[in-house]
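What follows is the residue order along each chain.
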Amino acid sequence: MHTRPFISVLIVAAAFAAEETPHEFTRAEPFAERARQRGPVIELSLKAALEQAIERNLDVKVQRFTVETNRVRLHGAKGVFDPQLSFSAGLNRDSSPATSLLQTGTGLSAYKSRSATFAPGIQQFLPGGGTAGISISGFRNSTNDAYTFVNPIYGSGLTLTLTQPLLRGFRWNAAENQIRLLRLESKVGEAQFRQVLAEVVHRVRNAYWALVGAVEGYEARRQSQELAIRQYENKRQRVENGMLTPVALTSSRAEVALRDQEILEAEVQIINAQNVLKQLIAPGPNDPIWNAIILPTDRPQARDIHVTLDEAVRTALENRPELEQLRLQLRQSRLNRKYYAQETKPAVNLQGTIGSVGRAGTVYLPQADLDPGSSRVLNPTHPGFGGLSTSFQQVMGFDFLNWSAGIQVQLPIGNRAAQARYAEAVLAERRLETQMKQGEVAILVEVRNAYEAIVTRKKSLEVSRLASQLSLEQLEGETARFEAGFSTNFEVLRYQRDYAEARIRELNALINYENAITALQRAMNTIIEESGIVIEASGGSQ
């Protein structure tokens, strides 16, 4: 009784739906074609991405500055052995009232003198803690003193000095200890550079494959959309031929809309993956890469590893830069312990000086008459008669040799400050030894996890490949049944979704397997070599 009105309403609604249904949907274009239409495109291989990251990555650049800073500091610390050249010169004039005949003789009320001096020298800190110096001096004095029978007088001298510690500071002083520490610190910086470089390579590889996965996921969803549109068109043809009612198109339209939504979500994933990779490559916020679209050109390949778990653990313990840094820091701590042990000893310094002097000038014969008006008689036969050159001849001939030697001893009572520094160095050494064991255990766990993850990821890849193949076979069979009239549109759409998801799972499994291998290479610290990167001796890479 009520069947006919209900059928009438259903027919009207179906007709209205058929009129509102578009005959064509907007098909998503392949990602590469869309990218080239939208703007500049950068086709990027994994190797090119790694090269650009190593050259331009900001983390790598910062660590390069650290390496160079350590080298500059080491070079500066060696400056303690640079010779120190000194020079002094001066003029002097004295005038004072005469208070005795022995100053000026008779008839003069003021005592006057003039002098000129110069003194070059050089001093150097020696390996072993000693200090050596050599200096040359010269002067000229003139006076109105009547009792001075050499006037003006020229003097010169050559002096060699040496100070050498015998206990504290002998062959292990603060300057040399600092050089040893900075030499090790430079190696620590290089190990940190390798650690940062390995981490950047790891992140770039993961980011690159994440972008590949996002692009391939987009392509899988695009193909799924294409299948849904074809299914819709097939049903629409059947509706037009009267084989199906227009209501049957509703589920197909909904399925196409769902695939459109999945494509939009895939585009968001591509954008996020692009930005992560760009952040690792771009040298700054104004780089043109931010306005370009990256097209990855490589695809992950399933590959086997040829290393046992024991070999992987042994390689990691030998190669990891974190352990290398701890080893170097432990050596630094031992250097400090040895230095502070020296500081607890008394200071016993050997001091020695040897010199040669010379004197020359205008020599007069001694005379009893000190009247300023009387003439004085020169004595040219005197060995000191001459000028500055004569005095230097005496110096270089060692005519007047002087020397001195002595020992200086300093014995701090208690010496608690040095003992405390020594105790602190011992504790620091023990702490680093404990940290070394802690780091070895952590790396052991990391390698085992990475190694076992590869086995699991490989099995997951094999299973996902089989599932994808079976899903395709199911879709083909169900499509054939639908075309023969033995299946429903709902079942075909379900198998289409299952196949699309199976393809994405297979791709993700392949990328996860590649990332697992990368993680093992990172744990073993072979990722730099495996990526074809050569580290230069200067701390850079090529």
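Up top is the structure.
Residues numbered from 1 in each chain as written. Predicted model: local features only at pLDDT ≥ 70, side-chain atom pairs only at ≥ 80, totals over all residues. Heavy atoms only, no water.

Undergrad: For this particular structure, what's the right way to read helix 9 (residues 321–343)?
TA: Helical geometry: 3.6 residues make up each α-helical turn, so side chains three or four residues apart lie on a common side. The end-to-end C-alpha distance of helix 9, which contains 23 residues, comes to 33 Å, matching closely the 33 Å that a straight helix rising 1.5 Å per residue would cover. Along helix 9, the residues that are buried comprise Pro-321, Leu-323, Gln-325, Leu-326, Leu-328, Leu-330, Gln-332, Ser-333, Leu-335, Tyr-339, Gln-342 and Glu-343. Residues of helix 9 that are buried make contact with helix 6 (174–240), helix 8 (309–319) and helix 11 (416–483). (Helix = DSSP H or I, 4+ residues; strand = E, 2+ residues; numbered from the N terminus. Expected span 1.5 Å × (residues − 1). Buried < 20%, exposed > 50% of the residue type's maximum accessible area, 1.4 Å probe, protein only. Contact = heavy atoms within 4.5 Å.)

Undergrad: Mind showing me how you'd approach the pattern of salt bridges here?
TA: Proximity of charged atoms lets side chains of opposite charge pair with each other. This structure, assessed with the given rule, holds 28 salt bridges. Ionic pairing is found between Glu-429 and Arg-334, a salt bridge with its closest N-O pair at 3.2 Å. Remark: Arg-334 occurs in helix 9 and Glu-429 occurs in helix 11; sequence separation between them is 95 residues. On the accessibility criterion, Glu-429 (9% relative accessible area) is buried. The partner of Glu-478 in a salt bridge is Arg-481, and the shortest N-O contact between them spans 3.5 Å. Linking Glu-478 with Arg-481, this pair stays in helix 11, spanning three residues, or about one helical turn. Judged by relative accessible area, which is 7%, Glu-478 ranks as buried. Its relative accessible area of 42% is what places Arg-481 among the partly exposed residues. (Salt bridge = Lys/Arg side-chain N within 4 Å of Asp/Glu carboxyl O.)

Undergrad: Sorry if this is basic, but what is going on with the packing of aromatic side chains here?
TA: To describe a pair of aromatic rings, one takes the distance between the centres and the angle between the planes. Summed over all chains, the structure comprises four aromatic pairs. Taken together, a centroid distance of 6.1 Å and an interplanar angle of 70 degrees make the contact between Phe-31 and Tyr-218 edge-to-face. On the criterion of sequence distance, the pair formed by Phe-31 in helix 2 (residues 31–38) and Tyr-218 in helix 6 is long-range, its members being 187 residues apart. Pair check on accessibility: Phe-31 and Tyr-218 agree, each one buried. Note on Tyr-339 and Tyr-340: the rings are 5.2 Å apart at their centroids and 55 degrees apart in plane angle, and the pair reads as tilted. Given a relative accessible area of 11%, Tyr-339 falls into the buried group. For the cation-ring pair, Arg-494 lies above Tyr-495, with the distance from its terminal atom to the ring centre recorded as 4.6 Å. (Phe/Tyr/Trp six-rings, centres within 6.5 Å; stacked < 30°, edge-to-face > 60°. Lys NZ or Arg CZ within 6 Å of the ring centre and 35° of its normal.)

Undergrad: Just checking my understanding: could you explain the sheet that holds strand 2 (residues 84–97) for this structure?
TA: In a beta sheet, neighbouring strands pair by backbone hydrogen bonds and run either parallel or antiparallel. The strand order across the open sheet built from six strands is 2-3-4-5-7-8, with neighbouring strands paired in antiparallel fashion. With partners counted over all chains shown, the strands left at the sheet margins are strand 2 and strand 8 (400–410), one partner each. Going from strand to strand, the sheet's axes swing by 15 degrees on average, the running direction of each strand aside. Relative to strand 3 (residues 110–125), strand 2 runs antiparallel, the two sharing 14 bridges. In the strand pairing of strand 3, Ser-86 is matched with Gly-121. Those strands touched by helix 10 (residues 388–396) are strand 3, strand 4 (131–143), strand 5 (150–165), strand 7 (347–363) and strand 8, and its axis lies near 140 degrees from that of strand 7. (Pairing = 2+ DSSP bridges. Axes fitted to C-alpha atoms, helices over the stretch in contact; angles between N-to-C directions.)

Undergrad: Whenever I open this one, the nonpolar core confuses me. Can you help?
TA: As a rule of thumb, soluble globular proteins bury nonpolar side chains together. Core analysis: the largest hydrophobic core is formed by 42 residues, its most contacted members being Phe-31, Val-204, Tyr-208, Leu-211, Tyr-218, Ile-270 and Leu-277. Of all the secondary structure elements, the ones that give two or more residues to this core are helix 2, helix 3 (46–56), helix 4 (58–77), helix 6, helix 7 (249–281), strand 6 (293–296), helix 12 (489–524) and helix 13 (527–530). Sort the elements by how many residues they give to this core and helix 6 lands first, with 14 residues. Leaving out residues up to four positions away in the same chain, Tyr-208 has contacts with Leu-44, Ser-45, Leu-46, Ala-49, Leu-277, Pro-296, Thr-297 and Asp-298. Leu-309, Ala-312, Leu-326 and Val-447 belong to the second-largest nonpolar core, a separate cluster that totals 24 residues. (Core = buried A, V, L, I, M, F, W, Y, C linked by side-chain atoms within 4.5 Å.)

Undergrad: Would you mind going over the packing of helix 9 against helix 11 with me for this structure?
TA: Between two packed helices, the angle of one axis relative to the other and the distance separating the axes together describe the packing. Direction vectors running N to C along helix 9 and helix 11 enclose 165 degrees, while the axes themselves pass 8 Å from each other. As far as their axial angle goes, helix 11 and helix 9 are roughly antiparallel. Relative to helix 11, the crossing made by helix 9 is left-handed. When the residues that make up the contact of helix 9 with helix 11 are grouped by side-chain class, the tally is 13 nonpolar, five polar and eight charged. (Parallel < 35°, antiparallel > 145°, perpendicular 65-115°, else oblique. Left-handed = near helix turned anticlockwise from the far one by under 90°. Nonpolar A, V, L, I, M, F, W, Y, C, P; charged D, E, K, R; others polar.)

Undergrad: Got a minute to help me understand a nonpolar patch on the surface in this structure?
TA: A surface patch of nonpolar side chains, amounting to about 820 Å² of accessible area, comprises Leu-85, Ile-122, Ile-134, Leu-160, Ile-354, Phe-398, Leu-401 and Trp-403. Considering the arrangement of structural elements, one finds Leu-85 in strand 2. Judged by its relative accessible area of 73%, Leu-85 falls in the exposed class. (Patch = residues over 30% accessible without salt bridge, like charges linked within 9 Å, V, L, I, M, F, W, Y side chains within 5 Å. Areas by Shrake-Rupley, 256 points an atom, 1.4 Å probe, with all protein chains shown as cover.)

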